[in-house]
Amino acid sequence: MTSKFSLNHQQSKAIKIENTNALVLAGAGSGKTLTIIERVSYLLDRGVNPKRILVLTFTRRAAQELIDRLRTRHSHLDSMVLAGTFHRFCLSSIRSHPHFFQRHVKAIVIDRGDQVSLMKLCRKEVLEHHEPSTFDGELDIPKTSALVELLSYIRSTDTSVFSYLTKFYKDNTQQENQAINDIFNQYKSKKENQRYLDFDDILIDFANRVAKDKELAQIFKKAYDHVLVDEIQDTNVIQWRILENLVNPAWLYCVGDDAQSIYSFRGANLANLQEFTRRVKNSEKLKLTINYRSTQSILSLANYILAQSSWDYDKELTAVHPLGEKPKLIDFQNATQEAEWIVGDIKGKLANNAKIKDFMVLTRTAWSVRTLEAILVEKKVPYKFVGGTSLLNSAHVKDLLALCRAAINPNDELSWVRWLSIFPGIGPKKALLASQAVRKAEDDTDKILAYFDKAFKQYPLIGTCLKLVWAYQKDPADMLDKIIILLEPEVSKLYDNWHARKNDWKLIATLATRHDSITSFIEAYTLDPVTSSAASLSDNENKNALTLITIHSAKGLEAKVCYIIQSQEGSFPHSRSTTKEEIEEERRVLYVAITRAKEELIITRASNFHGESFSQREYFLAKLAKKDELVDYQNKINLFCKDYFRNFRYR
DNA sequence: GCTTTGACACTTTTT
DNA sequence: GTGTCAAAGC
């Protein structure tokens, strides 16, 4: 089968390489996705059994796109290659080999929110226990969410708690380090007791089990002939270890770009890319340097951003496309004006025959897209937001799912507490007691029902709901429909904007129709969260909705017209990044954002203060307004306000 | 002793 | 919009 794209010699060499492991260094827009797709396609054409090919992608979206495109190209094949994220692959492997993962059979995958809730309990318990024994009780322990991040980072980089703390928390006392370590141990034991699997467990448990068990190792060593990995610069040491167990004899084929490494906060290890040829025997390094995505004007701006760095990125991309329009840089008085202008600009272009899928609005933080969302709702422009708070993370949806989780895994303390607390008169204390009593019943449903009949007599709804979940385990959508009717009178009292939240419950029930068990439903949406705005649209509506997306989620995507919003000081680099390495990563984030645009790039800023900055921090766009050769600058701050602020500042 | 209520702060990026 | 704390209420 021939491709409809014509490949350049760099690409066709990369695609047809034989009898070697390969690392393809592919600059932004040089056809990274295309290379992977064409490579798999080439292998299929050469008669490789699709089941012997594994593709590990960075997001589920990338995997889906790959599968879709291969299906149309190779419609005669009755099976397709396996493609998914590392987490997806490891979890599926755990689920399909229950014999080797006994402990995981009843386990449930928990998301960040649950990790934080669990860590909060651990932090409290350990500190209460610790404090009387210290001199003044003043231990300076990071906040719960920071602890979750810390532990995840330590585990993803495969370092020990103490060695990490002594290196990066130099001011900590011995007691403080000990307390943090105790909290982490407590977290581990609670997690195991309650049969939770966090994101890191999925990778680590799989990697460890394969390392320890020769029989299992053999199964995976023999499973594939070709393993392909996208975005290798964003993989961590654990993921590398997993790869080592899947390849040789299988060939390893990796694609990546060091200038697009933006996940080091999650433990991504650039060495996986940089040391590739040294680590992997019989391997070759190839480069793709020609950009097929963007106009030269857009690339020039991207090059300018990287050139400001003291790092040597070696990334002067050249475009095949003509110069094109200069990127725009526009200053607005505030976020509302910014949002209104963007919506107006998009509507104008739509009236001029543009398609809504030609646009992408990029944001550094999920937070800063809120004003725009409000304006889009007001002006009735359909949109979907990718990234940000997922539907499953909103309070009222958690209430609903807590019941299902508790019923299926009665050891799930967090869920019992959450769910029982929706009833008036039951708070955390009573709920915790109940959950401990339930645990003693050891999954015996009759005993659990008997307990609630006795101890919670005035709440007959509890037993009714539990029985319903147990009865409809195989039909989650039907079950949720029934539960919603039962619980709505109770839960609606808890929220003053119930009307808006009610829709999300219906959405959950609709999404569940695609699954045959609550566990698989929860797993699917924990590993691949959807926002309410995206979930509420049908597949067809999704195609006709404006995409708002965090830059981190936008990796690998492109659009004709890109808006990078809220780009004022504090966004690039983000004000929370402090170290040199963090700031450098922020530069790459901006680089990734700019290189998403194919034809038109509009960078907008909205802030009360502009121009010369008083802060000593580096701001990547500080001098851009004056660079006529790079951007077309427009100032839309109205004069009255400018005067007002000038006076205000000198007062 | 436990739950409810109201006032307040804070809001990076993700599997 | 969610988390946290203290004080009021049962």
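Residues numbered from 1 in each chain as written. Chains lettered and ligands numbered in written order. Predicted model: local features only at pLDDT ≥ 70, side-chain atom pairs only at ≥ 80, totals over all residues. Heavy atoms only, no water.

**What to know about the protein's contact with DNA strand B**
Argument step 1. Around DNA strand B, the surrounding shell holds 28 residues, and the nearest of these are R266, R364, W367, G425 and R576.
Argument step 2. The contact atoms of DNA strand B, taken as those within 4 Å of the protein, divide so that sugar and phosphate hold 56%.
Argument step 3. At 2.6 Å, a backbone N or O of G425 approaches a phosphate oxygen of DNA strand B.
Argument step 4. Among the elements that make up the surface near DNA strand B, the one with the highest residue count is helix α19 (residues 428-440) (3 residues).
Argument step 5. Tallied by class, residues from the surface near DNA strand B come to 10 nonpolar, 10 polar and 8 charged. (Near = heavy atom within 4 Å. Polar contact = N/O pair within 3.5 Å; in protein donor to acceptor, adjacent residues only side chain to side chain. Helix = DSSP H or I, 4+ residues; strand = E, 2+ residues; numbered from the N terminus. Nonpolar A, V, L, I, M, F, W, Y, C, P; charged D, E, K, R; others polar.)

**Details of helix α18 (residues 413-420)**
Argument step 1. Of all 8 residues in α18, 7 are buried; the element is thus mostly enclosed.
Argument step 2. When we look at burial in α18, the residues that qualify are E413, L414, S415, W416, V417, W419 and L420.
Argument step 3. At the N-terminal boundary of α18, the capping side chain belongs to D412, with an oxygen 3.4 Å from the backbone nitrogen of L414. (Buried < 20%, exposed > 50% of the residue type's maximum accessible area, 1.4 Å probe, protein only.)

**What about the pairing of strand β13 (residues 383-386)?**
Argument step 1. Residues Y383 and F385 of β13 are buried on one face, and the alternating residues K384 and V386, pointing to the opposite face, are buried as well.
Argument step 2. Pairing geometry for β13 and strand β14 (residues 546-550), over 4 bridges, is parallel. When the bridges of β14 are listed, F385 appears paired with L548. (Pairing = 2+ DSSP bridges.)

**Brief notes about the protein's contact with DNA strand C**
Argument step 1. Around DNA strand C, the neighbouring residues are K120, A395, N497 and R501.
Argument step 2. Between DNA strand C and the protein, one listed contact pairs a phosphate oxygen with a side-chain N or O atom of K120 at 2.8 Å.
Argument step 3. At 3.0 Å from a phosphate oxygen of DNA strand C is found a side-chain nitrogen or oxygen belonging to R501.
Argument step 4. Residues of the surface near DNA strand C, tallied by class, amount to 1 nonpolar, 1 polar and 2 charged.

**A closer look at the sheet that holds strand β7 (residues 251-256)**
Argument step 1. Taking strand neighbours across the sheet as the criterion, the 6 strands line up as β3-β2-β6-β7-β1-β8 in an open arrangement whose pairing is parallel. The open sheet has two edge strands with one neighbour each: β3 (82-85) and β8 (283-288). When the angles between neighbouring strand axes are averaged without regard to direction, this sheet yields 15°.
Argument step 2. The pairing of strand β2 (residues 53-57) with strand β6 (residues 226-229) spans 4 bridges and is classified as parallel. Counterpart to L56 in the pairing with β6 is V229.
Argument step 3. Across the sheet, helix α3 (residues 60-73) is in contact with β2 and β3; its angle to β3 comes to roughly 165°. (Axes fitted to C-alpha atoms, helices over the stretch in contact; angles between N-to-C directions. Contact = heavy atoms within 4.5 Å.)

**A short note on the sheet that holds strand β12 (residues 359-363)**
Where strands meet in a sheet, backbone hydrogen bonds hold them as pairs that are either parallel or antiparallel.
Argument step 1. Read across the sheet, 7 strands follow the order β13-β14-β12-β15-β16-β11-β17 without closing on themselves; strand pairing throughout is parallel. Each having just a single partner strand, β13 and β17 (632-635) make up the two edges of the open sheet. Going across the sheet, the axis of each strand differs from the next one's by a mean of 20°, ignoring polarity.
Argument step 2. Here β12 runs beside strand β15 (residues 559-564); their pairing, made up of 4 bridges, is parallel. In the sheet register, V361 faces β15, and the bridge partner there is Y563.
Argument step 3. Of the strands in this sheet, β12, β15 and β16 (597-606) are in contact with helix α27 (residues 580-594), which crosses β16 at around 130°.

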